[in-house]
Structures are given as C-alpha cells and as structure tokens.
Amino acid sequence: MLKRLLSYALACLLTFMSAGHTFGQQPGAQEVRQGVIEQITPVQLPSNHHRGVGAIIGGLGGLGIGSLIGGGTGRDVAMVAGALGGALLGNEVQKKRDQPEQGQQIIVRVTSGVLVAVTQPVNASLHTGQSVYIEGSGEGARVIPR
C-alpha cells in the first residue's frame with residue numbers, strides 16, 4: 001500500500017515539475033529597438049533557482065536510501081525517515097546556494113524619445129551615452145552594444 005502511494009506521489013511530482021518548464025525561446029521574429037543609454041543603476045537580481053527543488057531531490061534521495069534498509073514495517077519507517085531527513089538536508093543546501101545575482105537596471109532612450117527600463121545581469125561593456133539595441137520585450141528584453 002505504501003509503495004503504491006509513494007509511486008503515485010512520485011509520478012505526480014515529476015509530472016508537476018516537468019509541466020512548468022519551457023525550453024529556450026519561442027521561434028519567430030524578435031523585436032529590436034535602438035537607442036542611447038541614459039542611466040545604469042546596480043541592482044540585485046533574485047536567484048533563478050526554483051524554490052523547493054532541493055527539498056524534493058533530497059527527499060527522493062533519502063527515500064531511495066531508506067528503501068535499502070531493513071524489511072517489512074522497519075523498511076517503511078526507514079523510507080519515511082529517509083525522505084524527511086533528505087528533504088530537510090536538501091532544503092538547507094539549497095538555502096546556502098540561493099544567493100542573489102548582481103545585475104543592472106539600464107534606462108535607454110529609444111529613437112522615438114520614449115524611455116525604456118531593462119533589468120538584466122551585469123554587462124561590463126555597457127556605459128552611459130552608448131548606442132545600444134534592445135532585443136525582445138517584457139522580462140526577456142536585453143540591452144546589447146550596437
């Protein structure tokens with residue numbers, strides 16, 4: 001009974017984790033605008049690690065190790081204890097590695113006169129007064145030298 005429940009839980013978890021991922025950019029045309037950098041401000045970007053992944057991976061590892069111990073009810077107890085211990089350990093490891101990334105908010109005046117703000121990881125080759133391109137739009141927008 002417990003093995004069947006764990007199998008269903010694992011299948012649901014893997015389905016949930018894989019459903020939210022998109023791989024790469026969507027094909028097709030990409031908007032490109034040109035302008036001049038007005039201002040660059042250093043910012044901290046939040047980590048791009050998915051919260052809870054460390055706990056999930058740690059729990060699955062602990063479950064696997066716990067399944068190797070004992071037999072019968074003792075094995076079930078070892079599996080639950082391994083899953084809980086692995087989840088706690090995995091969560092702590094992820095917290096230590098989950099540091100913010102250095103970034104910059106770049107204000108660009110495009111040729112139409114409109115100001116556009118783009119926040120992205122640090123690009124040391126960008127400076128105020130430089131002619132640049134803005135590729136993409138929304139959260140996918142990036143400022144690159146012209």
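Above this note sits the structure.
Residues numbered from 1 in each chain as written. Predicted model: local features only at pLDDT ≥ 70, side-chain atom pairs only at ≥ 80, totals over all residues. Heavy atoms only, no water.

Asker: Can you lay out the overall build of the chain for me, pointing to particular residues and giving the numbers?
Answerer: Counting its secondary structure elements, the chain contains three helices and five strands. The linear arrangement of helices and strands in the chain, starting from the amino end, is α-β-α-α-β-β-β-β. Here the chain holds 146 residues, and 21% of them are scored as buried. A total accessible area of about 10000 Å² is found for the chain, and carbon and sulfur atoms account for 61% of it. (Helix = DSSP H or I, 4+ residues; strand = E, 2+ residues; numbered from the N terminus. Buried < 20%, exposed > 50% of the residue type's maximum accessible area, 1.4 Å probe, protein only. Areas by Shrake-Rupley, 256 points an atom, 1.4 Å probe, with all protein chains shown as cover.)

Asker: So, the nonpolar core: which residues are in play, and what are the values?
Answerer: Core analysis: the largest hydrophobic core is formed by eleven residues, namely Ile37, Ile106, Val108, Val110, Val116, Val118, Leu126, Val132, Ile134, Ala141 and Val143. Elements with a minimum of two residues in this core: β2 (101–110), β3 (115–121) and β4 (131–135). Broken down by element, this core gets its largest block of residues, three residues, from β2. Not counting the four nearest positions on each side in its chain, valine 132 is found in contact with Arg33, Gln34, Gly35, Ile37, Val108, Leu126, Val143, Ile144, Pro145 and Arg146. (Core = buried A, V, L, I, M, F, W, Y, C linked by side-chain atoms within 4.5 Å. Contact = heavy atoms within 4.5 Å.)

Asker: Describe the sheet that holds strand β5 (residues 142–145), listing the residues and the values that go with them.
Answerer: Read from one edge to the other, the open sheet built from five strands follows the order β3-β2-β1-β4-β5, with strand pairing classed as antiparallel. Two strands bound the open sheet, and with one partner strand each, they are β3 and β5. Put simply, the sheet's adjacent strands are angled 40 degrees from each other on average, direction ignored. Pairing of β2 with β3 involves seven bridges; the strand directions are antiparallel. By the bridge assignment for β3, isoleucine 106 is matched with valine 118. (Pairing = 2+ DSSP bridges. Axes fitted to C-alpha atoms, helices over the stretch in contact; angles between N-to-C directions.)

Asker: An account of the side chain of glutamine 120 is needed here, citing residue identities and associated values.
Answerer: Turning to its location among the elements, glutamine 120 is positioned in strand β3. For glutamine 120, a relative accessible area of 3% gives the class buried. Here the side chain of glutamine 120 touches valine 143 through a polar contact of 2.7 Å, landing on its backbone nitrogen. Among residues more than four places away in sequence, those in contact with glutamine 120 are Leu45, Gly103, Gln104, Ile106, Leu126, Arg142 and Val143. (Polar contact = N/O pair within 3.5 Å; in protein donor to acceptor, adjacent residues only side chain to side chain.)

Asker: Quick rundown of the side chain of glutamine 104? Include the residues and the values.
Answerer: Tracing the backbone shows glutamine 104 in strand β2. Overall, glutamine 104 belongs to the buried group, its relative accessible area being 7%. From its side chain, glutamine 104 meets the backbone nitrogen of asparagine 123 in a polar contact 2.8 Å long. When sequence neighbours within four positions are dropped, the list of residues in contact with glutamine 104 reads Ile40, Thr41, Pro42, Val43, Val118, Thr119, Gln120, Pro121, Val122, Asn123 and Leu126.

Asker: Can you lay out the pattern of salt bridges for me, pointing to particular residues and giving the numbers?
Answerer: Summed over all chains, the structure comprises one salt bridge. Where arginine 109 meets glutamate 38, a salt bridge forms, and the shortest distance between an N and an O atom there is 3.4 Å. Taken as a pair, arginine 109 in strand β2 and glutamate 38 in strand β1 (residues 32–45) lie far apart in primary sequence, 71 residues in all. For glutamate 38, a relative accessible area of 39% corresponds to the partly exposed category. (Salt bridge = Lys/Arg side-chain N within 4 Å of Asp/Glu carboxyl O.)

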